[in-house]
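Coordinates in review
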There are 2 protein chains.
Amino acid sequence: MSKGTETRKMILRKSAVIFNQQGFTGSSMSDIMKATGLEKGGIYRHFKNKDELALEAFEYAIGVLRDRYRVAIAGKNSAEDKLISVLSVYSNIDKEPPLEGGCPLLNTAIDTDDTHPLLQKRAQEAMNEWLRFLKFILNEGIVSGEFRPNLNVEEAAIFLTSAFEGNIMMGKLFNNSGYVQKYINQLKQYIELCIKK
Amino acid sequence: MSKGTETRKMILRKSAVIFNQQGFTGSSMSDIMKATGLEKGGIYRHFKNKDELALEAFEYAIGVLRDRYRVAIAGKNSAEDKLISVLSVYSNIDKEPPLEGGCPLLNTAIDTDDTHPLLQKRAQEAMNEWLRFLKFILNEGIVSGEFRPNLNVEEAAIFLTSAFEGNIMMGKLFNNSGYVQKYINQLKQYIELCIKK
């Protein structure tokens, strides 16, 4: 990897966390300069402006999550295990979150829905990708006979995502993974009684 | 009501929406001046600084919600009806949200969890008040024999809140109340199979 590419990746990695913690408007180029140790020129050499940097930092953050979800389902044989594993990745939210600052999809959605149409559009696309991923697992469970054949996959994916994302907000608000553990217990109940055959 | 009190309330009403849409950092005093039609001095006569205004605007926003929830449970006889009614107040999210900009508790939690300890603390208190309210309804349902006597009220309140708040994010992200309708359908399933006797 060339020195330029390395610097570019370092800028993305650091600014992904800053945008995730402080939001788009709340993150200034001087915050990014401080975090990367670069001068303004060193950042603008790689990114045209704050908008371009924010969009690419969001892609970077979503990539981190995507990898995390792939790891979460690896080696799991049942659709139920995959579902629980993916929907529990924030179980250590106070000590070891997948990305510092919480879920970039949740944060970007909240941060931009009334203010930044371009980032909002990217958040919509990332949400659609996530929903497809969840529906894939749910359909797998129907085909394998684990889940109810008449399960409303679309509805279940939306409900599970709602609970998952809202719970990240609660865990972060109190900086306490106890809120995540309690959600996981009820999540298991919901899967057991509303999704499984 | 004196003229001063009226102006104060008008400032709170307008700035509650601005903070709810744009967040604390994303809202400037000039945004507030524009929305209220007041000069800077006219705002500072009532509020010491942006922090004080934001804290009081948050209280105002939570008050709007509190009234909305009281209306939602009024005249409902069963705990199940109360629960569904309260957890469906965003069913018209794209046309008629309880407060423009989405849920102030969700927005403030996300906006401030890494950046503004004072507002975060107020968001924690408002969340605790909300959880007590939900647990009160759940306990009512246990006492009346509608809900399972061994229901884990704490867990259920956290799970329901997670789904409720995460769903507001989804409905707002796509500006589409279809996401809320689908969540409500699954919410009813969860109440039916995991909470009711």
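All figures in this text were calculated on a predicted structure; none of them were measured in a lab.

**Points about the interface of chain B and chain A**
- Taken together, the contact pairs 47 residues of chain B with 47 residues of chain A.
- Here chain B and chain A share an interface that buries about 4300 Å² over both sides, 69% of which is from carbon and sulfur atoms.
- Taken together, the links from chain B to chain A amount to six salt bridges.
- With 15 residues, helix H8 (residues 153–173) of chain B is the single largest residue contributor to the side of chain B that touches chain A.
- Of the residues that constitute the side of chain B that touches chain A, the class distribution is 20 nonpolar, 19 polar and eight charged.

**Regarding the side chain of Asn20(A)**
- Along the chain, Asn20(A) falls in helix H1 (residues 3–26).
- Using a relative accessible area of 6% as the deciding quantity, one classes Asn20(A) as buried.
- In this structure the side chain of Asn20(A) is engaged in a polar contact, spanning 2.9 Å, whose partner is the backbone oxygen of Glu100(A).
- A distance of 2.9 Å separates the side chain of Asn20(A) from the side chain of Asn107(A), its partner in a polar contact.
- When near neighbours in sequence (up to four residues on either side) are disregarded, Asn20(A) contacts Leu99(A), Glu100(A), Gly101(A), Gly102(A), Cys103(A), Pro104(A), Asn107(A) and Asp114(B).

**Notes on the packing of helix H7 (residues 117–143) of chain A against H8(B)**
- Contact pair H7(A) / H8(B): the axes reach a minimum separation of 10 Å and the direction vectors enclose 120°. Relative to H8(B), the element H7(A) lies oblique. Considering only the axes of H7(A) and H8(B), their crossing is left-handed. In contact with Gln120(A), Ala123(A), Gln124(A), Met127(A) and Leu131(A) of H7(A), H8(B) contributes Met169(B), Met170(B), Lys172(B) and Leu173(B).
- Looking at the contact of H7(A) with H8(B) residue by residue, the class counts come to six nonpolar, two polar and one charged.

**Concerning the environment of Asn139(A)**
- Its place among the elements puts Asn139(A) in helix H7.
- Residues Asn139(A) and Val153(A), spaced 14 residues apart in sequence, show a C-alpha to C-alpha distance of 7.1 Å.

**Describing the packing of aromatic side chains**
- Enumeration according to the criterion identifies 21 aromatic pairs over all chains in this entry.
- Relative to Phe164(A), the ring of Trp130(A) lies with its centre 5.3 Å away and its plane at 15°, an arrangement referred to as stacked. Of this pair, Trp130(A) sits in helix H7 while Phe164(A) sits in helix H8 (residues 153–173), and the two are 34 residues apart along the sequence.
- For Phe164(A), a relative accessible area of 1% puts it in the buried group.
- On the basis of an interplanar angle of 5° and a centroid distance of 4.5 Å, the ring pair of Phe174(B) and Tyr179(B) is categorised as stacked. The same class applies to Phe174(B) as to Tyr179(B), namely buried.
- Here a set of aromatic residues connected by ring pairs shows up, and it is made of Phe159(A), Tyr183(A), Tyr190(A), Phe159(B), Tyr183(B) and Tyr190(B).
- For the cation-ring pair, Lys50(A) lies above Phe24(A), with the distance from its terminal atom to the ring centre recorded as 4.5 Å.

**Some details on the confidence of the model for chain A**
- Taken residue by residue, chain A gives an average pLDDT of 96. The fraction at 70 or more is 100%.
- Interface confidence for the predicted complex, given as ipTM, is 0.96, next to a pTM of 0.97.

**Observations concerning the relation of the copies chain B and chain A**
- Mapping chain B onto chain A calls for a rotation angle of 180° and an axial translation of 0.0 Å; the resulting RMSD is 0.0 Å. Such a combination of rotation and displacement between the chain copies is what one expects of a two-fold axis.
- Residue by residue, 100% of the interface of chain B is reproduced at the interface of chain A, so both copies engage with the same surface.

Thresholds applied
- The numbering scheme is per chain: residues are counted from 1 as the chain's sequence reads.
- The naming scheme follows written order: chains are lettered A onward, ligands numbered 1 onward.
- Where totals are concerned, whole chains, interfaces and linings use all residues; where local detail is concerned, this predicted model gives features only for residues with pLDDT of at least 70, and gives and counts side-chain atom pairs only at 80 or more.
- Based on all heavy atoms of the structure, the side-chain values leave hydrogens and waters out of the count.
- Working rule for contacts: check all heavy atoms of both residues, and any pair within 4.5 Å makes them a contact.
- Summed over both partners, the accessible surface that disappears when two parts come together, traced with a 1.4 Å probe, is what is meant by buried area.
- Between Lys or Arg on one side and Asp or Glu on the other, a salt bridge is scored when a side-chain nitrogen of the former is within 4 Å of a carboxyl oxygen of the latter.
- The secondary structure listing takes helices from DSSP runs of H or I that are at least 4 residues long and strands from runs of E that are at least 2 residues long, numbered from the N terminus.
- The nonpolar class holds Ala, Val, Leu, Ile, Met, Phe, Trp, Tyr, Cys and Pro. Asp, Glu, Lys and Arg form the charged class, and all remaining residues, Gly among them, are polar.
- In this scheme, a residue with accessible area under 20% of its type's maximum is buried, one over 50% is exposed, and one in between is partly exposed, where area comes from a 1.4 Å probe on protein chains only.
- Pairs of N or O atoms within 3.5 Å make up the polar contacts considered here, provided that, within protein, one atom can donate a hydrogen while the other can accept it, and that residues adjacent in sequence are counted only when both atoms are side-chain atoms.
- Note on geometry: axes are C-alpha line fits, over the in-contact stretch for helices, and angles between N-to-C directions span 0 to 180 degrees.
- Oblique is the label for any angle not covered by the other classes, which are roughly parallel (under 35 degrees), roughly antiparallel (over 145) and roughly perpendicular (65 to 115).
- With the far helix as reference, a near helix turned anticlockwise by less than a right angle produces a left-handed crossing, and one turned clockwise produces a right-handed crossing.
- Only centres within 6.5 Å qualify two rings of Phe, Tyr or Trp (six-membered ring in Trp) as a pair; their planes then separate them into stacked at under 30 degrees, edge-to-face at over 60, and tilted for everything else.
- Look at NZ for Lys and CZ for Arg. If either is within 6 Å of the ring centre and within 35 degrees of the ring normal, a charge sits over the ring.
- Looking at any residue, its pLDDT shows the predictor's confidence there, from 0 to 100.
- The superposition of copies rests on a least-squares fit of C-alpha positions from residues with pLDDT of 70 or more in both.

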